[in-house]
Amino acid sequence: MHNAGMESSYTLRTAGVADAGEIARHRGLMFLDMGLVIQSEAEALTVASAPWFADVMERGQYKGWVVELEGQIVAGGGLHLSEVGPLPGCLRVVRSAHIANIYTHARHRKQGIARSLLNEMLNWCRESKIDQVTLTSSSEGRALYTSLGFAPQPDGMLLQLEQKR
């Protein structure tokens with residue numbers, strides 16, 4: 001399927017479990033491009049992530065999309081899906097999606113691919129009655145996300161528990 005905003009030679013499709021390895025590779029490359037890992041760590045992250053992506057996709061906890069050019073995946077991203085139980089002021093289950101792993105190979109950037117990918121994801125969220133969509137942004141992605149209506153939120157808090165790696 002072609003998506004408005006991308007050149008016509010690109011195609012955007014829903015990712016399947018068979019794409020888990022490439023989605024994992026994008027995850028490693030994303031952290032490498034952000035300067036958070038070195039090449040060997042990105043490769044190890046890819047190997048560790050592939051079976052996990054296959055598992056969460058099979059269980060319906062992750063919905064992914066990829067963009068292809070001539071049969072090669074050049075971009076992708078996905079949604080981690082979850083529910084939050086009733087809270088004061090909202091006495092129903094809230095369906096939530098967290099956008100993750102948005103990645104476009106360097107030579108395909110600045111062509112509207114990420115915007116088309118995000119629009120497809122957000123349309124799916126609306127059609128699927130998702131109540132809220134969150135994401136964590138790199139500095140490079142912030143302008144795109146803001147243009148799509150995302151607003152910064154106050155910083156949360158994190159407690160990193162000791163776990164074996």
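Residues numbered from 1 in each chain as written. Predicted model: local features only at pLDDT ≥ 70, side-chain atom pairs only at ≥ 80, totals over all residues. Heavy atoms only, no water.

Undergrad: Describe in detail the packing of aromatic side chains, supporting the description with residues and values.
TA: One pass over the structure, following the stated rule, counts four aromatic pairs. Look at Phe-53 and Tyr-62: their rings are 5.1 Å apart centre to centre, the planes differ by 65°, and that puts the pair in the edge-to-face class. This pair shows no difference in class: Phe-53 is buried, exactly as Tyr-62 is. Consider the rings of Trp-65 and Trp-124, whose centres lie 5.9 Å apart with planes at 70°: the pair is edge-to-face. Taken together, the residues span a long stretch of sequence, with Trp-65 in strand 2 (residues 62-69) and Trp-124 in helix 3 (residues 113-127) at a distance of 59 residues. Taking relative accessible area as the criterion, Trp-65 reaches 2% and is therefore assigned buried. Chaining the aromatic ring pairs together yields one cluster made of Trp-52, Phe-53 and Tyr-62. (Phe/Tyr/Trp six-rings, centres within 6.5 Å; stacked < 30°, edge-to-face > 60°. Buried < 20%, exposed > 50% of the residue type's maximum accessible area, 1.4 Å probe, protein only. Helix = DSSP H or I, 4+ residues; strand = E, 2+ residues; numbered from the N terminus.)

Undergrad: Requested: an account of the pattern of salt bridges, with residues and values cited.
TA: One pass over the full model with this rule turns up six salt bridges. Taking the shortest distance from any N to any O, the salt bridge between Arg-25 and Glu-22 comes out at 3.1 Å. One end of the pair, Arg-25, and the other, Glu-22, are both in helix 1 (residues 20-33), three residues apart, so they sit about a helical turn from each other. Asp-33 is the partner of Arg-109 in a salt bridge, and the nearest nitrogen-oxygen pair spans 2.6 Å. Taken together, the residues span a long stretch of sequence, with Arg-109 in the loop between strand 4 (94-104) and helix 3 and Asp-33 in helix 1 at a distance of 76 residues. Look at Arg-109 and you get partly exposed, because its relative accessible area is 35%. Residue classification places Asp-33 among the partly exposed residues on the basis of a relative accessible area of 44%. Sharing partners across several salt bridges, the network here consists of Arg-13, Asp-19 and Glu-68. (Salt bridge = Lys/Arg side-chain N within 4 Å of Asp/Glu carboxyl O.)

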